[in-house]
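What the coordinates show
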Amino acid sequence: MSEDNKLLKEIMSGSPLRITLSVLLGFIIGSIFMAVFNENVVATYASFFSSPGTTFQVAGQTIVDGYVALFNGSIINLSADNPVSMFRPITETLRLAAPLIMAGLGVALGFRVGLFNVGGTGQLIMGLLGATWISTRFDLPWGLHMVVALIVAIIFAGATGGLVGFLKAKTGAHEVIVTIMLNYVAIDLFTFFLRTPSLLLEHGGGGNPKSDPPALTAQFPRLLGDSFGLNIGIILAIVAAVVYWWLMERSTIGYRFRMVGHNANAARAAGISVERTYVWAMAASAAFIGLAAANQGLSATSGLTSSIHANIGFDAITVALLGGSRARGVVVAGLVFGAFKAGSPTMQILGVSPEVLGIVQALIVLFIAAPPLIRAIFRLPKAEVK
Amino acid sequence: MSKLEVTPGMFSNAEVRPSWKTSIVLGAFSLLVLFAFGFFGKPGDVTYNLSNKGDIFSVPDIVVASTFANIVFGSLMLAITAISVWRTIQGKRTPSWLTLIAGLIGATALLGWLAAGNTVPVSFILGSAIVLAVPIILGGLGGLMSERVGVVNIAIEGQLLTGAFMAAVVGTVTHNLWFGLIAAMVASAILSMALASLAIKYLVDQIIIGVLINVLVIGITNFLYSQWLASAGEEANFPGTFDIISIPYLSGLPIIGPALFEARITVYLTFILVPLVWFVLFRTKLGLRARAVGEHPTAADTVGINVGRTRFWWVTIGGAIAGLGGAALTIGNVGAFGREMSGGLGFIALAVVILGRWQPFYVSAAALLFGFAIILRVWANGVAPGIPTDFITMVPYLVTLIAVAGFAGKVRAPAASGQPYIKG
């Protein structure tokens, strides 16, 4: 076993102490960004040398306000005067976490087979194309309509992923390049569909590439009535996580996936077709992302544009890395980043740019993915890896 | 337990025997031009505008029937296909420059088809394509230098964005664009040092670290943009651009004059850097050592080359060049920083490195293809409304896909690219 393998194992296993330190450090550095560039703090710089205390006080206040706003916006709004607005934040977190969990599971599956699926965006868009096609151009009874749209989204995305796996298996083209190129192709294709009246352009629509809203029969049912946006997406995400766990930890095909990821040469020697495994693994990885596509396409209540992919394909990479590619970890990571998304508007109102959470998010995963870095910062002893 | 497979020839299989794929792809494109643009093309005359009014050597516009021109172009491409077929039968490879010429003819045919009944401003399109290609070329050079020594650089996007941001902000604050340019290169070089040391010293997976650096830079620049630049645009994000320098006499040449010799300093620096990187890489001892490190680090180490140090400096200097590419986006073209303004150019640069087979000149040619596609979309919307431009934009990505998958037989990455070197 090479040094390289040990390190990757270390990344994926992730000791609780290191994860805690990574999260902590991410938030601390995020706080610094938050404070240093805040308008109120900047206003005190002129008098910094005469009264440095003021600067630090204002800075501290900004950080506290920022994180309180994040909490209020993503967990429970403590300053709300009615139960609906009090508990809406946590439901928003769940709603926004759902697609991140689904897509995160997809990327995680790739990681465990030794494939890096950077094509989340493209696969998501292809899934959206399928979901939107069914949900706006077909008349089906309630329930069935949604299920068909969901399955078509999964098939479209899965086929896109399978194509990547096929190209890798047949020609040796690296999946990173192929998926990045397919991202652009998919966006252009979707825009073309949205632009064309006979395909997906909204009825009576103008020049903007935009679809009709999904038919009422195809929309995801809401869980808690109309005052909450939460829909069955989060339940589907949990189901997907259970399926992922069973597939990867209990099924024969999952065993093959893991074996190829562990050591492709050994797997080949044991009689597993590595090429075929790549095709199926990419298809499976993309199928989870297709579920996220259905979530995006069918929980919308207005017409879709190509920006509906909301960068979930890329966020899913950080979710998978933070979650250590395990079902439970991905769910937790998805919830954390979902909370970040839910809390953003509340922070914006306070004048703290929620973009700071993007920095925190990137830093946390960076520290987790680079164990030596966090060890060097905190002078931890080198972990024993079995 | 999961493992990211990092294999020799990171992005494509290594094989050297000539394959039929080149001929087949060439043939398909030739027939497309001959029939879709030629025999069944759009009626109407097309005017190829070859020189500006003030040029020293004024060349008259060429007016020709669009369909006729494209039948000629299609036939020329078929002739090149025939050469390719003949060479493959003989067991020889089709030279890259021949493929490039076929591509150029195909692009001209596309222009003629789009502009039937209209004018093609050849030097304007060429010039714009070059300006748009500069960040891709420089990003590609950075990526190439890094991969040649065996470090996969996915972080080109982050390097471009860093360069663009620093050039705009430092250029504005110091009121000196040269400081902006230097700041862009230095900041991007520092970022690359982080990438290099994590990859070389701490052996963190190079692809993961590259992706995360991108995410981090996007996060930081987005935050600084919305929290600072958006409200303080005048003081922090208003650098202006470098002046356009006309080179006497040369800028008066038809077609290439206005395109190549009436440009900003960033374009000229690119013209210098491409041959320079090629020269250092293939004609100096320094370059030989670098390539040795990228192909066979153990052998390089045995003869006394410091693998880690070589990798570190090549990645760092490559990063500085990519940072210059970022500066070209702001102070070399638009004149201000915008959110995520690199918009995926870094990923395109990554593809261009492979498309150009890790050779500076071919990388630049491939980057030009993308620059051409960007300007084509803008121009085609004006001249030929109703043509689905989405498909035109798609072309370079599809070409990259075909190249990576189809031409894989001929692409060979530096053997140790992506592999950490552990002295054993």
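Residues numbered from 1 in each chain as written. Chains lettered and ligands numbered in written order. Predicted model: local features only at pLDDT ≥ 70, side-chain atom pairs only at ≥ 80, totals over all residues.

In this section: the overall build of chain B. Each helix and strand in chain B was counted, giving 16 helices and 5 strands. Relative to the compact-globule value of 22 Å for 424 residues, chain B shows a C-alpha radius of gyration of 22 Å, a close match. Each of the three principal axes of chain B carries a C-alpha extent, and together these read 65 × 60 × 45 Å. Here chain B, with 424 residues, has 55% of them falling under the buried criterion. Once local pairs closer than 6 in sequence are excluded, the contacts in chain B between residues at least 24 apart make up 78%. (Helix = DSSP H or I, 4+ residues; strand = E, 2+ residues; numbered from the N terminus. Rg over C-alpha atoms; globule rule 2.2 N^0.38 Å. Buried ≥ 20, exposed ≤ 12 C-beta atoms within 10 Å, placed from the backbone. Contact = placed C-beta atoms within 7 Å.)

Once that is clear, we can look at the sheet that holds strand β2 (residues 62–65) of chain B. Residues and elements named next belong to chain B. Strand order in the open sheet formed by 3 strands is β2-β1-β3, with mixed pairing between adjacent strands. The sheet terminates laterally at β2 and β3 (119–121), the two strands that pair on one side only. Adjacent strand axes in the sheet meet at a mean angle of 25 degrees when their direction is disregarded. Sheet contacts for helix α4 (residues 122–148): β1 (45–49) and β3; angle to β3, the most-contacted strand, approximately 40 degrees. (Pairing = 2+ DSSP bridges. Axes fitted to C-alpha atoms, helices over the stretch in contact; angles between N-to-C directions.)

What follows is about the packing of helix α5 (residues 156–174) of chain B against helix α7 (residues 206–229) of chain B. All names here are of chain B. Between α5 and α7, whose axes approach to 8 Å, the crossing angle comes to 25 degrees. The angle between α5 and α7 falls in the class roughly parallel. Between α5 and α7 lies a crossing of left-handed hand. Residues Glu 157, Gly 158, Leu 161, Thr 162 and Phe 165 of α5 lie in contact with α7, whose contacting residues are Ile 213, Asn 214, Val 217, Ile 218 and Thr 221. A breakdown of the residues in the contact of α5 with α7 according to their chemical character gives 5 nonpolar, 4 polar and 1 charged. (Parallel < 35°, antiparallel > 145°, perpendicular 65-115°, else oblique. Left-handed = near helix turned anticlockwise from the far one by under 90°. Nonpolar A, V, L, I, M, F, W, Y, C, P; charged D, E, K, R; others polar.)

All right, on to the domain arrangement of chain A then. Residue and element names in this part refer to chain A. Taken domain by domain, chain A comprises domain 1 (1–74 + 352–380) and domain 2 (92–344). Counting residues at the interface gives 13 residues for domain 1, matched by 12 residues for domain 2. Elements with a minimum of two residues in the side of domain 1 that touches domain 2: α4 (52–74) and α15 (356–369). A per-class count over the side of domain 1 that touches domain 2 returns 9 nonpolar, 4 polar and no charged. (Domains from an automatic or database assignment.)

A few words now on the interface of chain B and chain A. If you look at the interface, chain B gives 48 residues, while chain A gives 49 residues. At 16 residues, the largest contribution of residues to the side of chain B that touches chain A is made by α7(B).

Residues and elements named next belong to chain B. Leu 212 and Val 352 are the most contacted members of the largest nonpolar core, which totals 258 residues. Here this core gets 16 residues from one element, more than from any other, and that element is α7. Once residues within four sequence positions are removed from consideration, Val 352 is found in contact with Ile 136, Gly 140, Val 363, Ala 366, Ala 367 and Phe 370. (Core = buried A, V, L, I, M, F, W, Y, C linked by C-beta atoms within 7 Å.)

All names here are of chain B. Looking at the element boundaries, Trp 113 is found in helix α3 (residues 96–114). Residue Trp 113 is classed as buried on the basis of its C-beta count, with 22 C-beta atoms lying within 10 Å. As a C-alpha pair, Trp 113 and Ile 305 span 192 residues in sequence and 55 Å in three-dimensional space. In this structure, Trp 113 is in contact with Phe 37, Gly 41, Lys 42, Ser 66 and Asn 70, ignoring residues within four places of it in sequence.

Within chain A, residue pLDDT values average 88, and 94% of them lie at 70 or more. Taken as a whole, residues 1–5 of chain A scores under 50 in pLDDT and shows 6 contacts with residues more than four places along the chain or in a different chain. (pLDDT = per-residue confidence, 0-100.)

Turning to helix α14 (residues 345–355) of chain B, a few remarks are in order. All names here are of chain B. Most of α14 is tucked away: 11 of the 11 residues are buried. Buried residues of α14: Leu 345, Gly 346, Phe 347, Ile 348, Ala 349, Leu 350, Ala 351, Val 352, Val 353, Ile 354 and Leu 355, and no others. Once α14 finishes, Arg 357 follows within two positions and takes phi at roughly 50 degrees, a positive value.

With that settled, the discussion passes to the pairing of β1(B). All names here are of chain B. The pairing of β1 with β2 spans 4 bridges and is antiparallel. Directly across from Tyr 48, in β2, lies its bridge partner Ile 62. As paired elements, β1 and β3 share 3 bridges and run parallel to each other. The residue bridging Asn 49 from the neighbouring strand is Pro 121, located in β3.

This part takes up the environment of B:Leu253. Tracing the backbone shows B:Leu253 in the loop between β4 (245–246) and α9 (256–260). The spacing of B:Leu253 and B:Leu50 is 203 residues in sequence and 9.8 Å in space, taken between C-alpha atoms.

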